[in-house]
Amino acid sequence: MREFTLPSLGADMDSGKLIEWLVKPGDVVHKGQVVAVVDTSKAAIDVEIWFDGIVGALLTEPGERIDVGTVMATILAPGEEMPAGPEEPVEEPVGEPVGEPTGEPSGAGGVRLRVSPAARRRAAELGLDLTGVLGTGPGGAITLADVDAAGAARAAPEPGTAAPTASEVERLEAASPAERPALMRQAIAAAMSRSKREIPHYYLAETIPLARAVAWLTERNAARPITERVLMAVVQLKAVARALAEVPGLNGFFLDGTFRPAPVAHVGVAIALKQAGLVAPALHDVAAKDLDTLMRELTDLVARARSWTLRSSELSDATITVTNLGEEGVETVFGIITPPQVAVVGFGRLAVRPFVVDGAVAAVPTVTASLAADHRVTDGHTGALFLAALHDWLQRPDEL
Amino acid sequence: MDDTELRDAVVAELRRIAPEVDADDLDDRRPLRRQVDLDSLDWLRFLLGLHDRLGVEIPEADYPQLSTLGEVVGYLRARL
Amino acid sequence: MRMSYREAVRAALHEALVADPRVFLMGEDVGRYGGSYAVSKGFYDEFGPERIRDAPLSELGFVGAGVGAALGGLRPVVEVMTVNFSLLALDQIVNMAAVYRHMSGGQFSVPVVIRMATGAGRQLGAQHSHSLENWYAHVPGLRVVAPATVADARGMLPAALAEPDPVVIFEHVGLYNVEEEVGDWACDLTHAAVRRPGSDVSIVTYGGSLPKALAAAATLASGGIDAEVLDLRVLRPLDREAIAASVRRTHRVVVVDEGWKTGSLAGEVVAGLAEECLYDLDAAPRRVCSAEVPIPYAKHLEDAALPSVDGIVAAVREVCGA
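Reading the values: rules and limits
- Residues numbered from 1 in each chain as written.
- Chains lettered and ligands numbered in written order.
- Predicted model: local features only at pLDDT ≥ 70, side-chain atom pairs only at ≥ 80, totals over all residues.
- Heavy atoms only, no water.
- Helix = DSSP H or I, 4+ residues; strand = E, 2+ residues; numbered from the N terminus.
- Buried < 20%, exposed > 50% of the residue type's maximum accessible area, 1.4 Å probe, protein only.
- Contact = heavy atoms within 4.5 Å.
- Areas by Shrake-Rupley, 256 points an atom, 1.4 Å probe, with all protein chains shown as cover.
- Pairing = 2+ DSSP bridges.
- Axes fitted to C-alpha atoms, helices over the stretch in contact; angles between N-to-C directions.
- Buried area = accessible area lost by both parts, 1.4 Å probe.
- Salt bridge = Lys/Arg side-chain N within 4 Å of Asp/Glu carboxyl O.
- Polar contact = N/O pair within 3.5 Å; in protein donor to acceptor, adjacent residues only side chain to side chain.
- Core = buried A, V, L, I, M, F, W, Y, C linked by side-chain atoms within 4.5 Å.
- Domains from an automatic or database assignment.
- Phe/Tyr/Trp six-rings, centres within 6.5 Å; stacked < 30°, edge-to-face > 60°.
- Nonpolar A, V, L, I, M, F, W, Y, C, P; charged D, E, K, R; others polar.

It is worth spelling out the overall build of chain A at this point. Each helix and strand in chain A was counted, giving nine helices and 20 strands. Across the 400 residues that make up chain A, the buried fraction comes to 45%. Restricting to contacts in chain A with at least 6 residues of sequence separation, those with at least 24 account for 64%. Total accessible area on chain A stands at roughly 18700 Å², and carbon and sulfur atoms take up 56% of it.

Bringing the pairing of strand β2 (residues 23–27) of chain C into the picture now. Residue and element names in this part refer to chain C. Along β2, five of the five residues are buried, which leaves the element largely enclosed by surrounding structure. Neither face of β2 is left uncovered, since the one carrying V23, L25 and G27 and the one carrying F24 and M26 both have all their residues buried. Bridge analysis of β2 against strand β4 (residues 75–82) gives five bridges, and the strand direction is parallel. Opposite V23, over in β4, you have R75 as the bridge partner. Where β2 lies against strand β3 (residues 52–54), three bridges are found, and the strand directions are parallel. Paired with L25 across the two strands is I52, which belongs to β3.

All names here are of chain C. Spatially, β9-β11-β10-β13-β14 is the arrangement adopted by the five strands of the open sheet, whose pairing is mixed. Edge positions in the sheet fall to β9 (193–196) and β14 (286–290), since each has one partner strand and no second. The average angle at which neighbouring strand axes cross in this sheet is 25°, direction not considered.

At the junction of the two partners, chain A supplies twelve residues and chain C supplies eleven residues. Summing the contributions of chain A and of chain C, the shared interface buries around 770 Å²; its carbon and sulfur component is 58%. For D280 of chain C, the salt bridge identified is with R121 of chain A, shortest N-O distance 2.6 Å. Where chain A touches chain C, the interface holds five residue pairs in polar contact (both at pLDDT 80 or more). Among the elements of the structure, α1 (117–126) and α2 (144–153) of chain A are those that each provide at least two residues to the side of chain A that touches chain C. By residue number, the principal contributor to the side of chain A that touches chain C is α1 of chain A, which donates four residues.

All names here are of chain C. Looking only at helix α10 (residues 240–250), the buried set comprises A242, I243, A244, S246, V247 and T250. Check the buried side of α10 and you find it contacts β10 (201–205), β11 (227–231), β13 (253–260) and α11 (265–277). Two residues or fewer after α10 comes H251, characterised by a positive phi angle close to 70°.

Turning our attention to the sheet that holds β4 of chain C. All names here are of chain C. Ordered by their spatial adjacency, seven strands build an open sheet running β3-β2-β4-β5-β7-β6-β12, and the pairing between neighbours is mixed. Where the open sheet ends on each side, the last strands, each with one partner, are β3 and β12 (234–236). Neighbour-to-neighbour, the strand axes of the sheet open up by a mean angle of 20°, direction not taken into account. Of the pairings in the sheet, the one linking strand β5 (residues 113–118) to strand β7 (residues 167–172) comprises six bridges and is parallel in character. In the sheet register, R115 faces β7, and the bridge partner there is I169. The strands touched by helix α1 (residues 5–19) are β2, β3, β4, β5 and β7; relative to β2, the strand with the most contacts, the crossing angle is about 130°.

Residue and element names in this part refer to chain A. Formed by 104 residues in total, the largest nonpolar core has its most connected members in F4, F386 and L390. The leading source of residues in this core is helix α6 (residues 232–246), at nine residues. Two domains share this core, each providing at least three of its residues, namely domain 1 (2–172) and domain 2 (199–399). Setting aside chain neighbours within four positions, we find L390 in contact with I208, Q236, A239, V240, A243, F347 and A369.

Here the focus is the packing of aromatic side chains. Under the defined criterion, the tally for this structure stands at nine aromatic pairs over all chains. A centroid spacing of 5.8 Å and a plane angle of 85° characterise the contact between Y203 of chain A and F334 of chain A, whose relative ring orientation is edge-to-face. Highlighted residues: Y203 of chain A in strand β9 (residues 201–209) and F334 of chain A in the loop between β17 (320–324) and β18 (343–347), separated in sequence by 131 residues. Aromatic pair Y37 of chain C and Y176 of chain C: ring centres 4.9 Å apart, planes at 20°, arrangement stacked. Linking Y37 of chain C in the loop between β2 and α2 (43–47) with Y176 of chain C in the loop between β7 and β8 (179–181), this pair joins segments that are 139 residues apart in sequence. Neither Y37 of chain C nor Y176 of chain C differs from the other in exposure class; each is buried. Ring pairs connect the aromatic residues F4, W50 and F51 of chain A, which therefore count as one cluster.

Accessible area lost when the parts come together is the quantity often used to give the size of an interface. Contact residues are listed per partner, giving 17 residues for chain A and 20 residues for chain B. For the pair chain A and chain B, the two sides together bury roughly 1600 Å², of which 57% comes from carbon and sulfur. Applying the counting criterion to the chain A and chain B interface returns one salt bridge. Ionic pairing is found between E57 of chain B and R229 of chain A, a salt bridge with its closest N-O pair at 4.0 Å. In this assembly, chain A and chain B are joined by four residue pairs in polar contact (both at pLDDT 80 or more). Listed by contribution, the elements that provide at least two residues to the side of chain A that touches chain B are α5 (211–222) and α7 (291–306) of chain A. Considering every element that reaches the side of chain A that touches chain B, the biggest residue donor is α7 of chain A, with six residues. In the side of chain A that touches chain B, the residues fall into seven nonpolar, five polar and five charged.

Put simply, side chains in a regular strand alternate between the two faces of the sheet. Residue and element names in this part refer to chain A. For β18, the tally of buried residues reaches five of five residues, placing the bulk of the element in the interior. Covered by surrounding structure in β18 are A343, V345 and F347 together with V344 and G346, the residues of both alternating faces. In terms of strand pairing, β17 meets β18 through four bridges, oriented parallel. Directly across from V322, in β18, lies its bridge partner V345.

Take a look at the structure:
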């Protein structure tokens, strides 16, 4: 039997409120399946389970506010029996609090986490709950290094910043959709304050001609029904992912004092939630997907972001962020990095501007791409290489 | 379908993309994307919705003819 | 100066024979033949048959004679051809030499030094190839040492002769031809030694496995794993503090021991760590030992049965999660 715990759905989340269960005891669940909806201060998130099994007991009631790491449900392996309760199981009397973890869950109960003794001691010193922490040691055991990384990721805010006080937690609990904008504002404030406090940003920008990309895309879209139309924003996202593959130093996380490069680019797309702030859920492994797939996924992502039904993995695993303020007519955007990412790419307005081509001024559609990157991880040289690669990819839209 | 019904259908589709829109506040003669905060993806989803509902295919090249709500209704009327 | 392990043992013996008339060497073929491993070649002519004594093929007899001589005030160095044959003398070593000080209330001590070759790798067959150091390391009243470097081969014998109680010295057969630069060889019979400092994992070993552990550490270093190599040197009493200190630095441990795993010294090292350092361990310990078979004669089977550099590298990678 394994325990399903509330995962951290973002660097600043330490608790959430269960809105509803989408599974019941006895249901077969698969890795990646959405099993619950949890309200964070940012959004109602579809929470996925990260292993296969059969739902045993649901231990959290809808409406309950729980900390990250709290055991929400027990999951049985296929063929495993429900641990025998004092009486015949499952039929819980309505309204009765379920599964208070009184006493020890050993014996037929919970599986003990694989944690090295040294990691266990360090976690105790740090006061860290290790449920949900990914183990990288032998047999997937949680090691000292894993604990240190988790500790850094959940580092307490420094004095003088927005640590939630008891009264703020109470306000979160009482939050209704109408109150969300203010709460989201606070969450953004905390993340961005931390970014500006901790990350030494450097900024670069380049104006990129898009004549070829515009012509190619216009022709491509003209030949297709409206349902298969692709936006320039998707072309830009794919170009970013391709450029990152060539300049990987901007793609990953800065944790525990070291940069951990990510093997593929999960690109966080900044999505404005009309009147209610901003989220940046991830499109996964963008470089590996064709434009049509990306267009479909982006449409789906935006729709779900606006209806507050994002998935947990989308909100927590972006390895870089792209923000596009061109729609609003902005010339250039210089972003703020979302920790623990190390870079944010910005696109301004796509407009026809005077541009020198072959020694003569011509009217050319251009866009200004910008990069804000973490100077602890890379220098301007790396950033310049990235923008140059991005420039080149946008001249070859047919190869994206 | 008369013009009022057609306008109601367009506004309903618009509200699916931007629920905050109040139909009575929309000015049929002012540019739509100025009045309602629509980015290019919202716009495409809006046109996709009209396509599903009314069966009208709107090529990209025609976007400039669809600036105001009045123009959108007129464009659709001519093609229904 | 540069010398071989064999020359170091020989120089140490020669020095002791010259310096102290109470010292004599006794064992099978140590005299006219010059020693099974040629350690005492020429000594018979130089020191004569009274001090370089060829013994009959009776370990029980000549080890017992050595114990008696020590009780009588001499400083015998008894050479047993290999640890395999020493089993015939276990009664003299375990039941006599080790216990007299205790049983006589401190009136008698047995300052005998018993040297024996140990280990495999030279295709000598099972009856000449086992590593039974742990049998002796089990016994209170004995001090058991295993010189793994040329300097220790030079320094441990005089230190053993200075001890008032019996000392068993294990010389691994694979080391006799090893040549090293030797500077100051003076040493104690108390402490383990860090032969290669490292930060990621401790490889704890002794005797003939030390060169393998160091080779593994070099391979691992090129793969980004910085291994510390700790040479136990003294198998009884174990330098538990040094073992614990190393593991407290690295949090991971692999023990390399040519003995069989079951009931091994490696098991004793790991058990001690479990008792004293559990909360310093970041991964389950691993032991690299000989396969649990009589050591085979055939070269490829013998190689397969013994701890190997590749096996040590693999075990270290496993505990490092690499």
